[in-house]
Amino acid sequence: MSTENLPQSPEQQPPRKPRVAVVFGGRSSEHGISMVTAGAVLRAIDRTKYDVLPIGITREGRWVLTADEPERMAITERRTPDVEELAESSEGGVILPVDPANREVVYSEPGSVPKALGEVDVVFPMLHGPYGEDGTLQGLLELSGVPYVGSGVLASAVGQDKEYMKRVFISFGLPVGPYVVIRPREWELDESTARKKIIDFAGEHGWPLFVKPARAGSSIGITKVDDLSGLDEAIAAARQHDPKFLVEALLRGREIECGVLEFEDGPRASVPAEIPPVQSHDYYDFEAKYIDSTPGLVPAPLTPEQTAEVRRLAVEAFDAASCEGLVRADFFLTEDGTFVINEINTMPGFTPISMYPQMWEATGVPYPELVDRLIQAALRRPTGLR
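Residues numbered from 1 in each chain as written. Predicted model: local features only at pLDDT ≥ 70, side-chain atom pairs only at ≥ 80, totals over all residues. Heavy atoms only, no water.

### Some thoughts on helix H11 (residues 367-380)
Side chains three or four residues apart in an α-helix point the same way, a direct result of the helix having 3.6 residues per turn. The end-to-end C-alpha distance of H11 is 20 Å, a good match for the 20 Å that 14 residues give at a rise of 1.5 Å each. Within the span of H11, buried status applies to Tyr367, Leu370, Val371, Leu374, Ile375, Ala377 and Ala378. Down the axis of H11, the smallest arc covering the buried residues is 160°, so these residues share one side. Structurally, H11 contributes buried residues whose contacts are with strand E1 (19-25), helix H1 (31-44), strand E7 (122-126), strand E12 (253-263), strand E15 (326-334) and helix H10 (355-363). (Helix = DSSP H or I, 4+ residues; strand = E, 2+ residues; numbered from the N terminus. Expected span 1.5 Å × (residues − 1). Buried < 20%, exposed > 50% of the residue type's maximum accessible area, 1.4 Å probe, protein only. Arc of directions from axis to C-beta. Contact = heavy atoms within 4.5 Å.)

What follows is the structure, given as structure tokens:
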């Protein structure tokens, strides 16, 4: 009797490849940069090892199926891409499960029967800024019981909010530069008193100052202010992105970055990199980072003692904020030889020319392996309290 058409036993069926949902876009001002990052990851994921489901989030917050065409997710003619350009439908939406016992993703269009897209084993959230990198998406995935790449709710929120990030670092004894915070209610109730707070800060630490949105990234909304005449315009620029903003004193020194990656035995630091002064830009702003692609020095020209110190501080910052997966830690090496931490980024720019992958490439972890390590770390880690 032929067994050709009989069902195979479970032992005979090939194992299912883990399914990775790469989520990108989002509602923040870093929507386009998120897409550029996701395009690089989509190109690098080993398709013989993983199935991939690309999911975009529009600027309005709609979750959509997109074409798996990373070549269309690049900066062209100094313009960043948009999820709407890749969406397979102008009306359909993707629905994540909210039941931890069911990881099946559903696609729904008005007037049509919802279509099951299959289970998702891990989410790779290539989102920058609010509504994605700040713990909000991480909370949704925790409720759904779906593992994900990167830090959890607390660390993501701390890493997004520059005020509380600095407070955490100070509490762990990490060196932080002078700053002052202006909260929304403070500004809205009494602008003149809030402005005087900044002017007094300038009187103590001197000009220039940097005015920054408290919860934005990619150097968006940041202004270097040389004197009092530019202050109000800088505040308005920051508040376009976040009603809470910071004012930081200028730290004179070298800009040093270091990557941290979670290995099986814990976090390790990469060789550091240096961001040299940008001749065509006043500082390392959005255009210098992403449009003009200002190259960094990898590895940074530091002494062995300085290299060891910044790598130690990067791992300390990772642990202080309870981070997971990956972090890029940014420092200033001041003129007196002291490292001062500026910030951490829990989902840094991730294109092959971004500093984080470059640092790991120089440390011996090439880009495809870096992507694979992050996915594997997420698959090992449970959701919930850990």
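The structure having been displayed, the exposition proceeds.
### A short note on the sheet that holds strand E5 (residues 104-108)
With respect to topology, 3 strands assemble into an open sheet ordered E4-E5-E6, the strand pairing being antiparallel. In this open sheet, the two strands that pair with only one neighbour each are strand E4 (93-95) and strand E6 (115-119). With strand direction ignored, the average angle separating the axes of adjacent strands in the sheet is 25°. Bridge count for E5 against E6 is 4 bridges, and the pairing is antiparallel. Looking across to E6, one finds that Tyr107 is bridged to Lys115. (Pairing = 2+ DSSP bridges. Axes fitted to C-alpha atoms, helices over the stretch in contact; angles between N-to-C directions.)

### Observations regarding the packing of aromatic side chains
Overall, the coordinates contain 6 aromatic pairs when judged by the stated rule. A centroid spacing of 6.3 Å and a plane angle of 65° characterise the contact between Phe124 and Phe350, whose relative ring orientation is edge-to-face. Separated by 226 residues along the polypeptide, Phe124 in strand E7 and Phe350 in the loop between strand E16 (339-345) and H10 bring together distant segments of the chain. For Phe124, a relative accessible area of 1% corresponds to the buried category. Given a relative accessible area of 0%, Phe350 falls into the buried group. Pairing Phe263 with Trp360 gives two aromatic rings, centres 5.8 Å apart and planes at 50°, and the pair type is tilted. One end of the pair, Phe263, is in strand E12; the other, Trp360, is in helix H10, with 97 residues separating them in the sequence. With respect to class, Phe263 is no different from Trp360; both count as buried. (Phe/Tyr/Trp six-rings, centres within 6.5 Å; stacked < 30°, edge-to-face > 60°.)

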